[in-house]
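Residue-level structural notes
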Protein chains: 2
Amino acid sequence: MKETLLKMLLTAGDDFVSGEKISQAIGCSRTAVWKHIEELRKSGYEVEAVQRKGYRIVKRPDQIKPHDIQVVLETERFGREITYLESTASTQTVALKLAQEGAKEGHIVLANEQTSGKGRMGRGWYSPPGSSISMSIIFRPQLPPQKAPQLTLLTAVAIVRAIKETTGLDSDIKWPNDLLIDGKKIVGILTEMQADQDSVHSVIQGIGINVNHQEEAFAEEIRKIATSLAIKKGEPIQRAPLIAAILKNIELFYDLYLQHGFSRIKPLWEAHAISIGKRIRARMLNDVKFGVAKGITDDGVLLLEDDDGKLHSIYSADIEIDQ
Amino acid sequence: MKETLLKMLLTAGDDFVSGEKISQAIGCSRTAVWKHIEELRKSGYEVEAVQRKGYRIVKRPDQIKPHDIQVVLETERFGREITYLESTASTQTVALKLAQEGAKEGHIVLANEQTSGKGRMGRGWYSPPGSSISMSIIFRPQLPPQKAPQLTLLTAVAIVRAIKETTGLDSDIKWPNDLLIDGKKIVGILTEMQADQDSVHSVIQGIGINVNHQEEAFAEEIRKIATSLAIKKGEPIQRAPLIAAILKNIELFYDLYLQHGFSRIKPLWEAHAISIGKRIRARMLNDVKFGVAKGITDDGVLLLEDDDGKLHSIYSADIEIDQ
């Protein structure tokens, strides 16, 4: 009921929706409509009420509860099931548990605050309450495990598109899983999977986005390497429409991928990748290699050509671009 | 104490070990030694006792409890921690749980009976009580997920060696994970993993071996495609020494692999593989391909050359060899 009302008001945008129209649509009295509007106000919406015109939303709260997402969601599967948590240690852990209990593809876990978010290689990910997007998505592709890393690249492309659509900002991809704006980190993607030698059972993808962080929110040493969408845009960003746009683009590219393979995703990824063609430094666990990033393979492996012209396959590394 | 006693008797083989020597070694009275011998008898060992000579084992029970394995184990890590279950649904499920709780590399789960053993592609694996080996092994390699399927190939080689060492029987490998004797299935390997895009977190390898099954134990339609070591050897096989030999060979090849890479394992695998160089039929989920199996890639992918000379990468399939 509340969702139908919210959807009507949001769809109308700056236009008023009359109380009569609402009461007909949701089949309740005008007094009941008024009560629902009061509820909306309590949950943070600023609703203007003008006699003979009706109601309109003046300001949305930056909330990411299931109904905030679903009223603007344009997907068929992704985000249709949402597990929302006000605060949790890690959305990845929650999503993994749900997947093991049989949660379907497209089920997402969202948290308003992550107290010990997971990054790559056992690192942490900083996600302060209210200003981040901390989301984990369950995929169940019929894929050999060797191909699962392709999903990280696919999601990177989807998020670049979603950020562009909702904020107008351009972002770059740094292999394998970082999104940067002007060289500073804005998005991290962590892809975890359960698989046997024949097929992936489930992939849990964690997405962390710095949305409304102020400069002061970052520790001194982090400020040099990370930024937020709000800082870059110069105004606060609504998280719910961004999440919906990400899910829409993921569903779009994922369906394309399942039907036509990685060849449809790879050129899009390469178009947004900053490291390709440049001199890079690849820091691996026990080694550092210098050379030119030539491209990626169909399995998402980075190809680096060293100064002797020898080609190396980089499976896992931190990449720095030589200036 | 019981373990020291058992080890002394097993090491002595057909020779007698005097009660005095035993009482000195384990620091107890001759009467206590006699009590321990009685315990061994109760657990199924036939122990001969001759005055002035001492004790010797005439017949070992075919048991696979932790001490049965560990008295003959020659490894440093693999099998040093054993979780033994008289009966369980699937050793894979138990091992996965242990791995998630932090169990170390080399920890194994053994069951005397598996009531719903897991095979490849969601199939079952038949493992009747007492006559099978149902074992799951926890690995924690620092490997990119793309390379994890190599561990299936490594284990296949290790088991071929262990079977040869303990029974003298020759077995063949059918890509990716079956061991056959005279074309009939004797061993299945299921490799499951948890990983992120950079690295494997844990690999749980399930090994199912038909050891002492009689012909009648197999259903009519299974009898055509499966057999047991005892049928092929014409006599019962002790499971504990076979398990110890498998663990020894796995540790050996795994250390070689970690130090020098897959190039040390691949030629061994190819030497035992029956499909390579032959015309095969690869049944995939949505497709069947015919052609000649040319070899495997470094990621364990099977290369099939069709009649037009086109090379196909086979990630997951059932292979039949054209006769």
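Per an unreviewed UniProt entry, the recorded name for chain A is Bifunctional ligase/repressor BirA, and the organism is Halalkalibacterium halodurans. Here chain A is described in UniProt, under the heading Sequence similarities (unreviewed entry), as follows: "Belongs to the biotin--protein ligase family."

**Some words on the overall build of chain A**
Regarding its fold elements, chain A presents 10 helices and 16 strands. Seen along its three principal axes, the alpha-carbon backbone of chain A occupies a region of about 80 × 45 × 35 Å. Scored against the burial criterion, the 323 residues of chain A give a buried share of 53%. When contacts within chain A are restricted to residue pairs at least 6 apart in sequence, those whose partners lie at least 24 apart make up 63%. For chain A, the exposed surface amounts to about 14400 Å²; the carbon and sulfur share of it is 48%. The distance from the centre of the 42 positive side-chain charges to the centre of the 43 negative ones in chain A is 3 Å.

**Re the pattern of salt bridges**
Across all of its chains, the model carries 32 salt bridges over all chains by this definition. Between Glu 165 of chain B and Lys 248 of chain B there is a salt bridge; the shortest N-O distance is 3.0 Å. Of this pair, Glu 165 of chain B sits in helix α6 (residues 150-167) while Lys 248 of chain B sits in helix α9 (residues 239-260), placing them 83 residues apart in sequence. Its relative accessible area of 27% is what places Lys 248 of chain B among the partly exposed residues. Because the salt bridges share partners, they merge into one network encompassing Arg 77, Glu 105 and Asp 255 of chain A.

**Brief notes about the relation of the copies chain B and chain A**
For the match of chain B to chain A, the screw axis carries a shift of 0.0 Å, the RMSD comes to 0.1 Å, and the turn is 180 degrees. Here the copies are linked by what is in effect a two-fold axis. The residues that chain B uses at the interface reappear at the interface of chain A in 100% of cases, marking a shared surface.

**A closer look at the nonpolar core**
Counting residues in hydrophobic clusters, the biggest one holds 136 residues, and the most contacted among them are Met 135 of chain A together with Met 135 and Leu 229 of chain B. For Leu 229 of chain B, the contacting residues outside a window of four places in its chain are Ile 163, Leu 169, Ile 181, Ile 186, Ile 209, Asn 210, Val 211, Ile 237 and Leu 242 of chain B.

**Considerations on the interface of chain B and chain A**
Every contact between the two is made by 29 residues of chain B and, on the other side, 29 residues of chain A. Together, the buried faces of chain B and chain A total about 2400 Å²; carbon and sulfur atoms form 48% of this surface. Seen at the junction of chain B and chain A, the total is 0 salt bridges. At the junction of chain B and chain A, the tally comes to 8 residue pairs in polar contact (both at pLDDT 80 or more). Listing elements by their share of the side of chain B that touches chain A, those giving two or more residues are α5 (91-100) and β10 (184-196) of chain B.

**Description of the sheet that holds strand β16 (residues 318-321) of chain A**
All names here are of chain A. Pairing within the open sheet is antiparallel, and its 5 strands lie in the order β15-β14-β13-β12-β16. The two strands at the open ends of the sheet, each matched to only one other strand, are β15 (311-314) and β16. Across the sheet, the axes of successive neighbouring strands diverge by a mean angle of 45 degrees, strand direction being ignored.

**Some points on the sheet that holds strand β13 (residues 288-296) of chain B**
Residues and elements named next belong to chain B. Read across the sheet, 5 strands follow the order β15-β14-β13-β12-β16 without closing on themselves; strand pairing throughout is antiparallel. In this open sheet, the two strands that pair with only one neighbour each are β15 (311-314) and β16 (318-321). Across the sheet, the axes of successive neighbouring strands diverge by a mean angle of 45 degrees, strand direction being ignored. Where strand β12 (residues 279-283) meets β13, 5 bridges bridge the pair, whose relative direction is antiparallel. From the neighbouring strand, Arg 279 faces β13, where its bridge partner is Val 292.

**Things to note about the packing of helix α1 (residues 2-12) of chain B against helix α2 (residues 19-26) of chain B**
All names here are of chain B. Where α1 contacts α2, the axes come no closer than 10 Å and their chain directions differ by 140 degrees. Considering the angle they form, α1 stands oblique to α2. Crossing of α1 over α2 shows right-handed handedness. Counting all contacts with α1, which are made through Thr 4, Leu 5, Met 8 and Leu 9, the residues of α2 involved are Lys 21, Ile 22, Ala 25 and Ile 26. Of the residues in the contact of α1 with α2, the class split is 6 nonpolar, 1 polar and 1 charged.

**Some thoughts on the pairing of strand β4 (residues 108-111) of chain A**
All names here are of chain A. On β4, burial covers both faces: Ile 108 and Leu 110 on one face and Val 109 and Ala 111 on the other are all buried. Note: strand β3 (residues 82-85) against β4, 4 bridges, orientation parallel. Bridging across to β4, Thr 83 finds its partner in Val 109. In this fold, β3 hands off to helix α5 (residues 91-100), which returns the chain to β4; that crossover is right-handed. As judged from the 4 bridges shared by β4 and strand β7 (residues 132-139), these two strands associate in the antiparallel manner. Among the inter-strand pairings, Leu 110 is bridged to a residue of β7, identified as Met 135.

**Some remarks on the domain arrangement of chain A**
Residue and element names in this part refer to chain A. Its domain assignment divides chain A into domain 1 (2-59), domain 2 (66-271) and domain 3 (276-321). Spacing between the C-alpha centres of domain 2 and domain 3 amounts to 24 Å. At the interface, 15 residues of domain 2 touch 14 residues of domain 3. Buried surface at the junction of domain 2 and domain 3, summed over both partners, amounts to about 1200 Å²; 56% is from carbon and sulfur atoms. Per-residue buried area on domain 2 facing domain 3 is highest for Lys 174, Trp 175 and Lys 266; these three make up 44% of the total on that side. Joining domain 2 to domain 3, the criterion identifies 1 salt bridge.

Parameters at a glance
- Each residue is numbered by its place in its chain's sequence as written, counting from 1.
- Whichever chain is written first is A, and whichever ligand is written first is 1; the rest continue in order.
- Reporting in this predicted model follows two pLDDT cut-offs: at least 70 for local features of residues, and 80 or more for side-chain atom pairs to be given and counted; totals over whole chains, interfaces and linings ignore these cut-offs and use all residues.
- To get the side-chain values, take all heavy atoms of the structure and skip hydrogens and water.
- UniProt positions are given in the numbering used here, feature names are shortened, and annotations may be inferred rather than shown by experiment.
- Per the convention used, a helix needs a DSSP run of H or I reaching at least four residues, while a strand needs a run of E reaching at least two, with both numbered from the N terminus.
- Only protein chains enter the area calculation, which uses a 1.4 Å probe; residues under 20% of their type maximum are buried, those over 50% are exposed, and those in between are partly exposed.
- By the convention used here, residues are in contact when the closest approach between their heavy atoms is within 4.5 Å.
- Computed with a 1.4 Å probe, the accessible areas rest on the Shrake-Rupley method; for each residue, only the protein chains presented here act as cover.
- Here the positive residues are Lys and Arg and the negative ones are Asp and Glu; neither His nor the chain ends is included.
- The atom standing in for a charge is NZ when the residue is Lys, CZ when it is Arg, CG when it is Asp and CD when it is Glu.
- Throughout this description, the term salt bridge denotes a Lys or Arg side-chain nitrogen within 4 Å of a carboxyl oxygen of Asp or Glu.
- When the copies are superposed, the least-squares fit takes in the C-alpha atoms of residues with a pLDDT of at least 70 in both.
- Grouping buried Ala, Val, Leu, Ile, Met, Phe, Trp, Tyr and Cys residues that are joined through side-chain atoms within 4.5 Å yields what is termed a nonpolar core.
- For any pair of parts, buried area is found by adding up, for both, the accessible area (1.4 Å probe) each one loses once the two are put together.
- Distance and chemistry together define a polar contact, namely a pair of N or O atoms within 3.5 Å, with one atom able to donate a hydrogen and the other to accept it when in protein, and with adjacent residues in sequence counting only for side-chain atoms on both sides.
- Pairs of strands are assigned from DSSP output, requiring at least two bridges between the strands.
- In this analysis an axis means a line fitted to C-alpha atoms, helices contributing only their contacting stretch, and an angle means the value between N-to-C directions, from 0 to 180 degrees.
- Reported orientations rely on four angle classes, namely roughly parallel under 35 degrees, roughly antiparallel over 145, roughly perpendicular from 65 to 115, and oblique for the rest.
- Should the near helix be turned anticlockwise from the far one by less than a right angle, the crossing is termed left-handed; should it be turned clockwise, right-handed.
- Residue polarity is assigned by list, with Asp, Glu, Lys and Arg as charged and Ala, Val, Leu, Ile, Met, Phe, Trp, Tyr, Cys and Pro as nonpolar; anything else, Gly included, falls into the polar class.
- A crossover gets the label right-handed when its path from the first strand over the helix to the second runs clockwise, viewed with the strands pointing away from the viewer.
- Marked domain ranges trace back to an automatic or database domain assignment.

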